[in-house]
Amino acid sequence: MEAALEPSASPCENGNGASAVTGKLPVGEGTPGEDKIPVAVLYVSVSAQDLRSLDMEKERVDDSSPREVLEDCLRSLESETGSSKASTSDSDSQPNRRAVSHWQEFVRLIKARTIKRLYTFPPFVVPKLSKRKSRNTRANPISKPNPTEDASFCSIKSSWKNFTLSELQNATNNFSPGNIIGKGGYAEVYKGRLKDGQFVAVKRLIQGTPEETIGDFLSELGIIVHVNHPNTAKLIGYGVEGGMYIVLQLSPHGSLASLLYGSKEKLKWSIRYKIALGTAKGLKYLHENCQRRIIHRDIKASNILLTEDFEPQICDFGLAKWLPEQWTHHIIPKFEGTFGYLAPEYFMHGIVDEKTDVFAFGVLLLELITGRQALDNSKKSLVMWAKPLLDKNDIRELADPSLDNAYDPEQMNRVVLSASLCVQNSSILRPRMSQVVQILRGDEGSLDCVKLCQNLGLQRTYSVELFDAEEYNSTRYLSDLNRHKEIALEF
Ligand SMILES: Nc1ncnc2c1ncn2[C@@H]1O[C@H](COP(=O)(O)OP(=O)(O)OP(=O)(O)O)[C@@H](O)[C@H]1O
């Protein structure tokens, strides 16, 4: 979720050359204990050189958004509407024409919105390249997106349905409070039933200015129409009449958070393991098997939905970014995400790449192992609590007492090992999701992945990033966490 703020009249200094400005602070309602931090904004004193670098980053931000693809879709929708006039009755083409005008307004607003972006992380001038990525960069000089690739993205649109407001009202009993099945930082989600009997979840966007809401809507829709995997949420359609709506297949068990923390009946180990593996596969698909790398940026228990047979589905693509192949990472100019799941490099520099998702996935694994929330009621971090136990491989202490030792020890070992690799401070030391899947499954050769991560650790003197990470110890992580929380909660 993103919020564009204008600087307030009286920013407050924090002593590090950074100041904070106020904004509204929507508190996440998805899960108890989750603090969303989308709007408290840090200003940083920057030099002209820094500003130039940040300007370059602004252009990058635009490129990683699905907006261009949506504009292409708008163009194709316009041409369809034009050509359909001759062959269809006026009433048939009416909804399409309405959709075109809504999309036109969206694109106009999102363009205006992009210009209002603010920069909030300490400037990070020279991108640091990992060895693997720097080779890629040399081999693939930056090129324009492939037009045929983009054209194929657009062909997907024909499969989503544009719902009218009355269709959605009928499906949800006029958005009756009794139909609410979830509330997030910027949306209410209603259970609904379509005319053909299909059960759906209707996500109604509620927070923010029109620009913010439209931006969130476009970001989420722009990504979700392009993903198709058993472990990602299924889009059925959208609505743009009388608000903004995303219509998804209903997940009968709700979210992992509601089952782990809101239900009396405790999740048994076999289901937890299935959720760990399925989520890892979904994330591997987003990172490694889509036409463009997708970084989810908000992996957490309330964003994992569960199908009838407890297959996990990653949902909520509101913060997701596309990364072009040639980029090693992306810098996010604002502080967004959910406390308890944020990787150190994001805290320090705003860096986002696959490994920031891997860190959040590690936290999710810790939740499955321990039954504890990413941040407990006194806002203590699960990672900080678990790290000493992970270092000692103390599975007895780590395992959720409610499991009553009823777990497959081999599986538990692999999940604990994966968690401990994923939550390492240095992003280079964290495995890629394809490696995590191998480790979780106990595939032949998965031990090689573990050794690879450990060997990287041994080469630490050669890596600037590792040096950073080494310096970035638990105490600094905790103090950064607290600093950002204080700033966010002050307003
Ligand atoms: N398809 C679905 N089936 C069942 N429940 C759903 C579905 N989609 C969403 N929910 C419920 O609604 C909650 C909020 O949904 P979602 O995370 O998409 O909203 P959000 O406003 O984007 O949240 P966030 O605060 O994480 O940004 C989920 O945690 C889940 O409990």
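Further up the page is the structure itself.
These remarks concern the structure in this document. (Residues numbered from 1 in each chain as written. Predicted model: local features only at pLDDT ≥ 70, side-chain atom pairs only at ≥ 80, totals over all residues. Heavy atoms only, no water.)

Attention now goes to the site of the ligand. Around the ligand there are 21 residues in total, and Gly 185, Lys 203, Ser 302, Asn 303 and Asp 316 lie nearest to it. For the ligand, a nitrogen atom lies 2.9 Å from a polar atom in the backbone of Gln 249. Note that an oxygen atom of the ligand is positioned 2.9 Å from one of the side-chain N or O atoms of Asn 303. Relative to its free-state accessible area of 620 Å², the ligand is covered by the protein chains to the extent of 95%. Breaking the shell around the ligand down by element, the ones donating at least two residues are strand E5 (180-183), strand E6 (187-193), strand E7 (199-205) and strand E9 (245-249). Here the residues of the shell around the ligand are counted per class, giving eight nonpolar, eight polar and five charged. When residues of the shell around the ligand are assigned to domains, at least three map to each of domain 1 (159-250) and domain 2 (251-488). (Near = heavy atom within 4 Å. Polar contact = N/O pair within 3.5 Å; in protein donor to acceptor, adjacent residues only side chain to side chain. Areas by Shrake-Rupley, 256 points an atom, 1.4 Å probe, with all protein chains shown as cover. Helix = DSSP H or I, 4+ residues; strand = E, 2+ residues; numbered from the N terminus. Nonpolar A, V, L, I, M, F, W, Y, C, P; charged D, E, K, R; others polar. Domains from an automatic or database assignment.)

Turning to empty space enclosed by the protein, a few remarks are in order. Taken as a whole and judged by the stated rule, the model has 10 cavities of 30 Å³ or more. Approximately 140 Å³ is the volume found for the largest cavity. Taken together, 14 residues form the lining of the largest cavity, with Arg 297, Asp 298, Tyr 341, Leu 342 and Thr 356 sitting closest to its centre. Among the elements that line the lining of the largest cavity, the one with the most residues is helix H11 (residues 354-370), at three residues. The residue inventory of the lining of the largest cavity, partitioned by class, reads seven nonpolar, three polar and four charged. (1 Å grid on protein atoms, 1.4 Å probe; cavity = no way out; pocket = protein on both sides within 12 Å on 5 of 7 lines; lining within 4 Å. Points joined across faces, edges and corners; volume = space filled by probe spheres on them.)

This paragraph deals with the sheet that holds E6. Working definition: the strands of a sheet are paired by backbone hydrogen bonds and lie parallel or antiparallel to each other. Pairing in this open sheet of six strands is mixed, and the strands run E4-E8-E9-E7-E6-E5 from one edge to the other. In the strand order of this sheet, the two ends are held by strand E4 (161-162) and E5, each with one partner. Sheet topology places strand E8 (residues 235-239) next to E9; four bridges connect them, and they run antiparallel. From the neighbouring strand, Leu 235 faces E9, where its bridge partner is Leu 248. (Pairing = 2+ DSSP bridges.)

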